[in-house]
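Residue-level listing of the chains:
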Amino acid sequence: MIYLIAALVLAFGSSAWVKWQLNRFNQKDSMSGNGRELAEHLIRRFQLSEVKVEVGQLPDHYDPVRKCIVLNEAWAERSTLTSATIAAHEFGHAMQDHLGDTTFKRHCSVMKWTYWIRHLSQVAAIGLLGFAWIPFVAKGLMFALLAAALVNLALQLLILPIEWDASFGKALPILAQGEYFNPQELKGARKVLTAAALTYIANAVVDIFNFRLLLNWLRR
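Predicted model, so just to flag it, every value in this text is computed and none were measured.

Parameters at a glance
Residues numbered from 1 in each chain as written. Predicted model: local features only at pLDDT ≥ 70, side-chain atom pairs only at ≥ 80, totals over all residues. Heavy atoms only, no water. Helix = DSSP H or I, 4+ residues; strand = E, 2+ residues; numbered from the N terminus. Buried < 20%, exposed > 50% of the residue type's maximum accessible area, 1.4 Å probe, protein only. Contact = heavy atoms within 4.5 Å. Areas by Shrake-Rupley, 256 points an atom, 1.4 Å probe, with all protein chains shown as cover. Axes fitted to C-alpha atoms, helices over the stretch in contact; angles between N-to-C directions. Left-handed = near helix turned anticlockwise from the far one by under 90°. Nonpolar A, V, L, I, M, F, W, Y, C, P; charged D, E, K, R; others polar. Salt bridge = Lys/Arg side-chain N within 4 Å of Asp/Glu carboxyl O. 1 Å grid on protein atoms, 1.4 Å probe; cavity = no way out; pocket = protein on both sides within 12 Å on 5 of 7 lines; lining within 4 Å. Points joined across faces, edges and corners; volume = space filled by probe spheres on them. Core = buried A, V, L, I, M, F, W, Y, C linked by side-chain atoms within 4.5 Å. Pairing = 2+ DSSP bridges.

Draft legend 1. Representation of the overall build of the protein in the model. Tallying secondary structure elements over the protein gives seven helices and three strands in all. When the helices and strands of the protein are listed from N to C terminus, the series reads α-α-β-β-β-α-α-α-α-α. Burial statistics for the protein: of 220 residues in total, 43% are counted as buried. Look at the contacts in the protein between residues 6 or more apart in sequence, and 70% of them connect residues 24 or more apart. When the accessible surface of the protein is split by element, carbon and sulfur atoms take 64% of a total near 12500 Å².

Draft legend 2. Local environment of the packing of helix α2 (residues 35-45) against helix α3 (residues 81-99). Remark: α2 packs on α3, axes separated minimally by 8 Å, with the N-to-C direction vectors making an angle of 35°. Here α2 and α3 pass one another in a crossing that is right-handed. From α2, Gly35, Leu38, Ala39, Leu42 and Ile43 reach across to α3, where they touch Ser83, Ala84, Ala87, Ala88 and Phe91. Classifying every residue of the contact of α2 with α3 by side-chain character gives eight nonpolar, two polar and no charged.

Draft legend 3. Structural view of unusual backbone geometry. For Gln47, which is not a glycine, the phi torsion comes out positive at approximately 60°. By the element assignment, Gln47 lies in the loop between α2 and β1 (52-56). Judged by its relative accessible area of 65%, Gln47 is exposed.

Draft legend 4. Quick peek at the pattern of salt bridges. Counted according to the given criterion, the structure contains nine salt bridges. With a shortest N-O distance of 3.1 Å, Asp63 and Arg66 are connected by a salt bridge. Its salt-bridge partner being Lys105, residue Asp97 comes within 2.8 Å of it at the nearest N-O pair. For Asp97, a relative accessible area of 6% translates into the label buried. Residue class for Lys105 comes out partly exposed when judged on its relative accessible area of 38%.

Draft legend 5. Spotlight on empty space enclosed by the protein. The full count for this structure, using the stated rule, is one cavity of 30 Å³ or more. Roughly 40 Å³ of volume is contained in the largest cavity. His89, Glu163, Trp164, Ser167, Leu193, Ala196, Ala197 and Tyr200 are the residues that line the largest cavity. Of all elements in the fold, only α6 (135-177) and α7 (183-219) reach the threshold of two or more residues within the lining of the largest cavity. With four residues, α7 is the single largest residue contributor to the lining of the largest cavity. When the residues that make up the lining of the largest cavity are grouped by side-chain class, the tally is five nonpolar, two polar and one charged.

Draft legend 6. Geometry of the nonpolar core. Formed by 36 residues in total, the largest nonpolar core has its most connected members in Ile43, Leu48, Val51, Ile69, Leu71, Phe91 and Phe181. Counting only elements with at least two residues in this core, the list comes to α1 (2-24), α2, β3 (68-72), α3, α6 and α7. Sorting elements by how many residues they give to this core places α3 first, with eight residues. Among all residues touching Leu71, those that are not within four sequence positions of it are Gly35, Arg36, Ala39, Val53, Glu54, Val55, Gly56, Asp60, Ala76, Ile86, Ala87 and Glu90.

Draft legend 7. A look at the layout of surface pockets. When its volume is computed, the largest pocket comes out at roughly 1300 Å³. Forming the walls of the largest pocket are 38 residues, and the residues nearest its centre are Asp60, His61, Glu90, Glu163 and Tyr200. Put simply, the parts of the chain that give the lining of the largest pocket at least two residues each are α1, β2 (61-63), α3, α4 (102-111), α5 (114-131), α6 and α7. Considering every element that reaches the lining of the largest pocket, the biggest residue donor is α6, with seven residues. Its residues placed into classes, the lining of the largest pocket shows 19 nonpolar, 13 polar and six charged.

Draft legend 8. Just the sheet that holds β1, in detail. Ordered by their spatial adjacency, three strands build an open sheet running β1-β3-β2, and the pairing between neighbours is mixed. Among the strands making up the open sheet, the edge pair consists of β1 and β2. This sheet shows a mean twist of 25° between the axes of neighbouring strands, independent of strand direction. Of the pairings in the sheet, the one linking β2 to β3 comprises three bridges and is antiparallel in character.

And the structure:
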C-alpha cells in the first residue's frame, strides 16, 4: 500500500508540476516569434530540408517516420517562452534523427511495441479481475502484467537519455549560442525543460514501484 501511494503521489505530483511550469511561462507573449516560426527557422538554419512542422491537437512530439515536428495548438502560435522552448526541444529530436543518433534510432525501433505492451497490460488487468478465483489463470495473468511492467520500465529508461539530450544537449545550446533568448529567458527555458525531464524520471520510478508491487503479489 505504501508503494502504491508513493507511486500515485509521484505520478500526479510530477504531472501537476510540469503543467504549472508550462502555464507559468505561457502567460506573456514576450518573444519576437512563436514556437512554430522558431521550429521552421531552425529547420532552415540547420538545413534539415526533409523536416516539416505541423500544428494540431496532438501532444508535442517529433515523428521520425514522417520527419515531422508536431506542436500542440495550445501554444504553438503563441509568442511565449513555453512555446519557443517546446519547439526547440522537438527540433532537438529532429536533429538527433538527422545526425543518426544510435540511441534515438534504437528508441524508434522499439517504440512500435509500446502499443502492444499497453494493450497486453489492459487485457491482463481486466482478465485478472474476472478470473482471480482461478489460481493458475490468475498467476499467468500476473506474469503477463509483470513482463509488461518490466518492458515498459526498460522503455522509460531508454527514453530518458534521449529526452535529456534533446533538451540540454541540443535545444538549450542552440538557444544560447544563437542568442534567441536573453540570460533570464534561458533560466526560464531551463526550468521548463527540467520539469519536463522530471516527468520521465517520475514515470520510471512509478514503473519500478509497479514492478515491485506485482513481484510481491506473485511471491504470495
